[in-house]
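Structural characterization, general
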Amino acid sequence: MSDSLEKWKRTHYSKEVNQDINGETVTLMGWIHEIRDLGGIIFILLRDRDGIIQVTAPSKKISTDFFKEIRKLKKEAVIAIKGSVQKSSKAPGGVEIIPDALKLLNEAKLPLPLDITEKVKAEIDTRLDARFLDLRKPTVSAIFKIKSRMLHSVRLFLEREGFIEVNTPKLVASATEGGTELFPITYFEREAFLGQSPQLYKQMMMSAGFDKVYEIAPIFRAEEHDTLRHLNEVISVDIEASFLDHEDVMNILERLVSTVLEEVQDNCETELKLLERDLFVPETPFERIDYDEVVDIVNSKGTLMRYGEDLSRAAEKAMGEFMDGYHFITGWPSDIKPFYVMPSDENPKKSYAFDLMYKDLEISSGARRVHKYDLLVERIKKQGLNPESFERYLAAFEYGIPPHAGWGLGSERFTMCITGVNNIRETVLFPRDRRRLTP
Ligand code: AMO
């Protein structure tokens, strides 16, 4: 058996093989998911990126030498197989392949660190240590196919809405979301940081006259949290838009969520089925609850929440019991929101900031921004920060910046909502948390 592809080319993925091509010769490539030797007949489940198909090798129909070669194959070996498609009522999918020729392209060391057929479940740490193997599981790769489709739909939606994609630096000189969550790095002879958010840059793009921008890129948070909802590196979908207010960008966000869910539902049927996920597409507009009301609800559920506090985990849970689907929390106190958030005209103690929640999970936050230089400097000082460290950002506010608003949506948390997984680590190929920096 040759271990080289030579002139062999894949003709079909497993999912493309069906009864319509009964009798045709096909070439498939992939891994041996399972092999069962019943003496006179050997069954191989061949797995490729898109699914699993049965290869049936009856000793009566193939040469003795070829049958012996097949018998030697082991789990997770990489093979290419040429054979004919045959209808079969017993085979999963209604078809099987009767092999004519086979190449053993590579073998896998045994025993495997984890069971790809999932008959034996593995702990999350074992899975993440051998992530390339874990990702071979159809139920795991399904999450990433859904995430890919979600991000694709997000792009399509924002492009349709007239947004321009931008790329801003991730090596930065200052904090944006409050000073404690930064990863310091050595930048030649200076200290620099990994970007927490494109916040300041997307706002500067409003002064640059780009009107509507978006970015899909990593953000880094040096949070000590060891929870099922936090990671230290995530992909944030950020938008910023001029001549629009918080209500306008909330409207964009809710339409985006609902459109993307619909597109995922239409395009990821197989993956959602694998995950046993019944996706629900919410109607717009989403419900809006004022922060004041949230405090009352949380307290009425027996969880203490003082006015002016951020939502604790317990408070989020209490709210999650009360609110089932996607909803906004609006009217946040100005003091607990970052300096760039615009205080309300009627009551400056409150702000034009909002969070988008799915049940008890915050998936996005945003706001109408301060676009007046003096107020921005005042708010930077009030939050104990030094306006001098924001000199280059502040300059963008001195030469005519329009009123603007925007939001950031965590792509992993959104993926959790779509797929129903409850650990954020499941939604990242190679997650970065408090303890994990490899693989
Ligand atoms: P915020 O800090 O709320 O806002 O972040 C926006 C969204 O990003 C996701 N997110 C995270 N997800 C997992 N782990 C983390 N450690 C983490 N940190 C953030 C969440 C969150 O809702 N500049 C503002 C956005 C804006 O106003 O435009 C910002 O960064 O889903």
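Before reading further, recall that the structure is shown in the block above.
Residues numbered from 1 in each chain as written. Predicted model: local features only at pLDDT ≥ 70, side-chain atom pairs only at ≥ 80, totals over all residues. Heavy atoms only, no water.

Taken in spatial order, the five strands of this closed barrel run β1-β2-β3-β5-β4, and their pairing is mixed. Going from strand to strand, the sheet's axes swing by 50 degrees on average, the running direction of each strand aside. Here strand β1 (residues 25-37) runs beside strand β2 (residues 41-48); their pairing, made up of six bridges, is antiparallel. Bridging across to β2, Glu34 finds its partner in Leu45. (Pairing = 2+ DSSP bridges. Helix = DSSP H or I, 4+ residues; strand = E, 2+ residues; numbered from the N terminus. Axes fitted to C-alpha atoms, helices over the stretch in contact; angles between N-to-C directions.)

Within the sequence span of helix α8 (residues 291-300), burial applies to Tyr291, Val294, Val295, Ile297 and Val298. Considered in projection along α8, the buried side chains sweep an arc of 165 degrees and stay on one side of the axis. Within α8, the exposed residues directed more than 90 degrees away from the buried face are Asp296 and Ser300. Buried residues along α8 sit in contact with β12 (287-290), α9 (313-322) and β13 (326-330). For α8, the side-chain oxygen to backbone nitrogen distance between the N-cap and Asp292 is 2.9 Å, and the N-cap itself is Asp290. Among the residues trailing α8, Gly302 stands out with phi positive, at a value near 90 degrees. (Buried < 20%, exposed > 50% of the residue type's maximum accessible area, 1.4 Å probe, protein only. Arc of directions from axis to C-beta. Contact = heavy atoms within 4.5 Å. Polar contact = N/O pair within 3.5 Å; in protein donor to acceptor, adjacent residues only side chain to side chain.)

Next up on the list: the packing of α8 against α9. One can describe the packing of α8 onto α9 by two numbers: an axis separation of 9 Å at closest approach and a directional angle of 90 degrees. Relative to α9, the element α8 lies roughly perpendicular. Of the residues in α9, those touching α8 at Val294, Ile297 and Val298 are Ala315, Ala318, Met319 and Phe322. Residue composition of the contact of α8 with α9, grouped by class: seven nonpolar, no polar and no charged. (Parallel < 35°, antiparallel > 145°, perpendicular 65-115°, else oblique. Nonpolar A, V, L, I, M, F, W, Y, C, P; charged D, E, K, R; others polar.)

The next subject is the nonpolar core. Judged by nonpolar contacts, the single largest core of 49 residues is most densely connected at Leu158, Leu256, Val257, Val264, Tyr326, Trp407 and Phe414. Setting aside chain neighbours within four positions, we find Leu256 in contact with Val154, Phe157, Leu158, Trp407 and Leu409. Membership of the second largest hydrophobic core comes to 37 residues, among which are Met305, Leu311, Met319 and Ile329. (Core = buried A, V, L, I, M, F, W, Y, C linked by side-chain atoms within 4.5 Å.)

Applying the stated criterion across every chain, the model contains 12 aromatic pairs. Relative to Tyr326, the ring of Phe286 lies with its centre 5.6 Å away and its plane at 25 degrees, an arrangement referred to as stacked. Linking Phe286 in the loop between α7 (269-274) and β12 with Tyr326 in strand β13, this pair joins segments that are 40 residues apart in sequence. Here Phe286 matches Tyr326 in class, with each residue buried. With a centroid separation of 5.3 Å and 45 degrees between ring planes, the pair formed by Tyr291 and Trp332 is classed as tilted. With Tyr291 in helix α8 and Trp332 in the loop between β13 and β14 (353-358), the pair connects residues that are 41 residues apart, well separated along the chain. When sorted by exposure, Tyr291 lands in the same class as Trp332, which is buried. Three or more aromatic residues joined by ring pairs form one cluster here, namely Phe286, Tyr326, Phe328, Phe354 and Tyr358. The residue whose ring lies beneath Arg49 is Tyr13, and the NZ or CZ to ring-centre distance is 5.0 Å. (Phe/Tyr/Trp six-rings, centres within 6.5 Å; stacked < 30°, edge-to-face > 60°. Lys NZ or Arg CZ within 6 Å of the ring centre and 35° of its normal.)

What follows concerns the pairing of β14. Most of β14 is tucked away: six of the six residues are buried. When β13 meets β14, the two strands line up antiparallel, connected through five bridges. Within the sheet, the bridge partner assigned to Thr330 lies in β14 and is Phe354. Bridge analysis of β14 against strand β15 (residues 361-368) gives six bridges, and the strand direction is antiparallel.

Counted by the stated rule, this structure contains 38 salt bridges. Here Lys202 and Glu240 are joined by a salt bridge, their closest N and O atoms 3.6 Å apart. With a gap of 38 residues between them, Lys202 in helix α5 (residues 199-207) and Glu240 in strand β11 (residues 233-242) connect regions that are remote in the sequence. For the residue pair Lys202 and Glu240, the accessibility class agrees, reading buried in each case. In this structure, Arg288 and Glu247 form a salt bridge, with 3.8 Å as the shortest nitrogen-oxygen distance. Here Arg288 is found in strand β12, whereas its partner Glu247 is found in helix α6 (residues 246-267), with 41 residues between them in sequence. (Salt bridge = Lys/Arg side-chain N within 4 Å of Asp/Glu carboxyl O.)

The pairing of strand β7 (residues 171-172) with strand β9 (residues 190-194) spans two bridges and is antiparallel. Bridge pairing in β9 links Leu171 to Leu194. Note: strand β8 (residues 184-187) against β9, four bridges, orientation antiparallel. Looking at β9, one finds that Tyr187 is bridged to Arg190.

On to the side chain of Thr303. Locating Thr303 in the fold gives a position in the loop between α8 and α9. On the basis of relative accessible area, Thr303 is assigned to the buried category, the value being 18%. When neighbours within four sequence positions are excluded, Thr303 is seen to be in contact with Val298, Ala314, Ala315 and Ala318.

Take the site of the ligand next. In the vicinity of the ligand, 24 residues are found, and the nearest of them are Gln199, Lys202, Glu223, Glu362 and Ser365. The contact in question runs from a nitrogen atom of the ligand to an N or O atom on the side chain of Gln199, over 2.7 Å. Gly410 places a main-chain nitrogen or oxygen 3.2 Å from an oxygen atom of the ligand. Its free accessible area being 620 Å², the ligand has 93% of it covered by the protein chains. Going through the elements one at a time, α5, β11, β15 and β16 (404-410) are the ones with two or more residues in the shell around the ligand. Among the elements that take part in the shell around the ligand, β15 stands out by supplying five residues, more than any other. A breakdown of the residues in the shell around the ligand according to their chemical character gives six nonpolar, nine polar and nine charged. (Near = heavy atom within 4 Å. Areas by Shrake-Rupley, 256 points an atom, 1.4 Å probe, with all protein chains shown as cover.)

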